[in-house]
Amino acid sequence: MHELTLMEALREQVLEQAKRHSARCIEVIHLRIGSLAGVDPEALEWTFALVMAGSPAAEAWLQIETVPARCLCGICASSFEAEAGSCRCPRCGTASNRPLQGLELELASLEIR
Ligand SMILES: [Zn+2]
């Protein structure tokens with residue numbers, strides 16, 4: 001399962017940062033997820049509890065910020081917001097394969113104690 005692998009990678013990142021800052025406990029984990037990243041936020045929250053169990057992040061609150069997808073049209077060079085996963089240029093109707101944003105899947109910040 002895709003989300004499980006992602007969450008395990010995230011746990012490594014989070015625990016490493018917590019260790020570096022001598023945190024006893026992690027309170028909030030802020031994630032940025034692009035709408036084209038192919039991740040289901042509900043599945044992420046579910047795997048979060050599973051993966052973080054028994055770690056200093058077990059009680060942490062997962063906050064997910066969704067980044068809307070934007071694409072650049074290769075024909076008329078306009079940039080536009082992609083809707084429902086479709087990157088079709090509203091100006092000339094060409095399907096764009098150049099996402100500018102929306103593929104993010106990153107740890108934005110941590111609140112630790
Ligand atoms: Zn266009």
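Structure: above.
Since this is a predicted model, take the numbers as computed values, not measurements.

**Side note on the pattern of salt bridges**
In the structure shown here, the tally under the stated rule is 5 salt bridges. A salt bridge links Arg20 to Glu16, with the nearest nitrogen and oxygen atoms 2.8 Å apart. With Arg20 and Glu16 both in helix 1 (residues 2–20) and 4 residues apart, the pair spans about one turn of that helix. Connected via shared salt-bridge partners are Arg32, Glu65 and Glu106.

**Regarding the coordination of the zinc ion**
In the first shell of the zinc ion, the protein supplies Cys73 (SG), Cys76 (SG), Cys89 (SG) and Cys92 (SG), at 2.3 Å from the metal. Relative to the metal, the 4 donor atoms surrounding the zinc ion lie at angles of 104 to 120°, and the coordination shape comes out tetrahedral. Positions of the donor residues of the zinc ion, expressed as sequence spacing, correspond to C-x2-C-x12-C-x2-C. Here Cys92 lies in the loop between strand 4 (79–81) and strand 5 (99–101) and Cys73 lies in the loop between strand 3 (70–72) and strand 4, a separation of 19 residues in the sequence.

**Examining the packing of helix 1 against helix 2 (residues 41–52)**
For the pair helix 1 and helix 2, interaxial distance at closest approach is 9 Å and the crossing angle is 50°. Comparing their axes, helix 2 and helix 1 come out oblique. Here helix 1 runs over helix 2; the crossing is right-handed. In contact with Glu3, Leu4, Met7, Glu8, Leu10 and Arg11 of helix 1, helix 2 contributes Ala43, Leu44, Thr47, Phe48, Leu50, Val51 and Met52. For the contact of helix 1 with helix 2, the residue count by class is 9 nonpolar, 1 polar and 3 charged.

Cut-offs and rules
- Numbering of residues starts from 1 in each chain and follows the order in which that chain's sequence is written.
- Reporting of local features is limited, given that this is a predicted model, to residues whose pLDDT is at least 70; pairs of side-chain atoms are given and counted only at 80 or more, and all residues count toward the totals for whole chains, interfaces and linings.
- Hydrogens and waters are ignored; side-chain quantities use all the structure's heavy atoms.
- When a carboxyl oxygen of Asp or Glu lies within 4 Å of a side-chain nitrogen of Lys or Arg, that pair is called a salt bridge.
- Each helix is a run of DSSP H or I of at least 4 residues and each strand a run of E of at least 2, with the numbering of both proceeding from the N terminus.
- Excluding water, the donors of a metal are its N, O and S neighbours within 2.8 Å, or within 3.2 Å for Na, K and Ca, and that exclusion means sites may look incomplete.
- All geometry calls rest on donor angles, where a four-donor set with angles between 85 and 135 degrees is tetrahedral, four- and six-donor sets with opposite donors more than 155 degrees apart and all others between 65 and 115 are square planar and octahedral, and all else is irregular.
- Every axis corresponds to a line fitted to the C-alpha atoms, with the helix fit spanning only the stretch in contact, and the corresponding angles, defined between N-to-C directions, vary from 0 to 180 degrees.
- Oblique is the label for any angle not covered by the other classes, which are roughly parallel (under 35 degrees), roughly antiparallel (over 145) and roughly perpendicular (65 to 115).
- For any pair of crossing helices, the crossing counts as left-handed if the nearer helix is rotated counterclockwise from the farther one by less than a right angle, and right-handed if it is rotated clockwise.
- Any pair of residues with heavy atoms lying within 4.5 Å of one another is described as a contacting pair.
- Note that Gly is not counted as nonpolar here; it falls among the polar residues with everything else outside the nonpolar set of Ala, Val, Leu, Ile, Met, Phe, Trp, Tyr, Cys and Pro and the charged set of Asp, Glu, Lys and Arg.

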